[in-house]
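Here is what each chain is made of, one letter per residue.
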Amino acid sequence: MYVCGPTVYDVGHLGHARAAVSFDIIRRYLKYKGYKVTFVSNITDVDDKMIKRAAEEKITEEQLAAKIIPEYEKDYGALSVLPPDIQPRATQYIEKMVRLVEKLMEKGVAYATDDGVYFEVSKFKEYGKLSHQKLDELRAGSRVAVDEKKKNPEDFAVWKAAKPGEPKWKGPAGIAGRPGWHIECSAMSMDLLGETFDIHGGGIDLMFPHHEDEIAQSEMATGRTFAKYWMHNGHIMVKKEKMSKSLGNFFTIKEILAKYNPSGVR
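The following refers to the structure shown.

Conventions we followed
Residues numbered from 1 in each chain as written. Predicted model: local features only at pLDDT ≥ 70, side-chain atom pairs only at ≥ 80, totals over all residues. Heavy atoms only, no water. Salt bridge = Lys/Arg side-chain N within 4 Å of Asp/Glu carboxyl O. Helix = DSSP H or I, 4+ residues; strand = E, 2+ residues; numbered from the N terminus. Buried < 20%, exposed > 50% of the residue type's maximum accessible area, 1.4 Å probe, protein only. Pairing = 2+ DSSP bridges. Axes fitted to C-alpha atoms, helices over the stretch in contact; angles between N-to-C directions. Contact = heavy atoms within 4.5 Å. Core = buried A, V, L, I, M, F, W, Y, C linked by side-chain atoms within 4.5 Å.

**Here we look at the pattern of salt bridges**
Next up, step 1: Here the structure, examined in full by the defined rule, presents 20 salt bridges.
Next up, step 2: Across the pair Asp-10 and Arg-53 runs a salt bridge whose closest N-O atoms are separated by 3.4 Å. Here Asp-10 is found in the loop between strand E1 (2-3) and helix H1 (14-32), whereas its partner Arg-53 is found in helix H2 (residues 48-57), with 43 residues between them in sequence.
Next up, step 3: Judged by relative accessible area, which is 21%, Asp-10 ranks as partly exposed.
Next up, step 4: For Asp-48, the salt bridge is made with Arg-178, and the minimal N-O distance between the two is 2.6 Å. Taken as a pair, Asp-48 in helix H2 and Arg-178 in strand E6 (residues 177-179) lie far apart in primary sequence, 130 residues in all.
Next up, step 5: For Asp-48, a relative accessible area of 42% corresponds to the partly exposed category.

Structure, rendered in structure tokens:
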């Protein structure tokens, strides 16, 4: 099992707890039924949110991750969530991500621009098979910025060229920068569980575009089925809206655990 883990720019809220507990129950049930389970859940420790928050706090992304990761461990531990068998961090897999991007470029399904490398969605004929989105409808609903470098508006970044002051690594096509979010999970899951593995999970909000993009780039790279089964947990709702940091309608796990018994919250 591979389950998309948190981006560690801030402490977790109740929505993160729901995902963690949901897949903890599934994992425990599979073990109870006699399956040997390898449970992988990653940590995203480099992305736009990490860069922004680290800049605000005048610390490095590495220092921010070192501060937030133990808080997740404490909160999940209080909710009796078993730690993953393997918990890869995105920054530990940069070389493998670069190799995966280079493979996509060699196959002619990814192309370089002056602001990074993009996956050409139209080259993957099954795009939309998980979320049942149709490419024509996606195109009709998208707006293209005047200075757009992409061939098509729906193409997504697999590598982002570095901007001043951002963390950067040596990348494909000689482009210094950092990986796109979607390529991170593909590289880590396939390295640890193989090109095809059993279950891929995450929140329902990750189905599109994150999981859809993972399928496209992984299956174009390997020519094989990426994950056999997909599982998604629903949102925590507050007054008919999804609980999220962007809407400001969230409660942190710490706030909830200060008021309620952890087993009751679970």
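**Topic: the sheet that holds strand E4 (residues 116-119)**
Next up, step 1: Reading across from one edge, E3-E4-E5-E6 is the order of the 4 strands in this open sheet, with antiparallel pairing throughout. Lying at the two open borders of the sheet, with one neighbouring strand each, are strand E3 (110-113) and E6. The mean inter-strand angle of the sheet, taken between neighbouring strand axes irrespective of direction, is 20°.

**Examining the sheet that holds strand E8 (residues 227-233)**
Next up, step 1: Read across the open sheet, the 4 strands follow the order E2-E1-E7-E8; overall the sheet is parallel. The outermost strands of the open sheet, each flanked by one partner alone, are strand E2 (40-41) and E8.
Next up, step 2: Both E1 and strand E7 (residues 197-203) contribute to a ladder of 2 bridges, which runs parallel. Within E7, the position partnered with Val-3 by the bridge is Gly-201.
Next up, step 3: Contacting E7 and E8, helix H7 (residues 207-222) crosses the sheet at an angle of about 155° to E7.

**Here's the deal with the nonpolar core**
A general tendency of soluble globular proteins is for nonpolar side chains to be buried together.
Next up, step 1: In terms of nonpolar packing, the biggest core is built from 40 residues, with Tyr-2, Met-97, Phe-119 and Tyr-127 touching the most fellow members.
Next up, step 2: Those residues in contact with Phe-119 that lie beyond four places of it in its chain are Leu-104, Val-109, Ala-110, Phe-124, Asp-155, Phe-156, Val-158, Ala-216, Gln-217 and Met-220.
Next up, step 3: Core analysis: the second largest hydrophobic core is formed by 23 residues, Val-8, Leu-79, Val-238 and Ile-253 among them.

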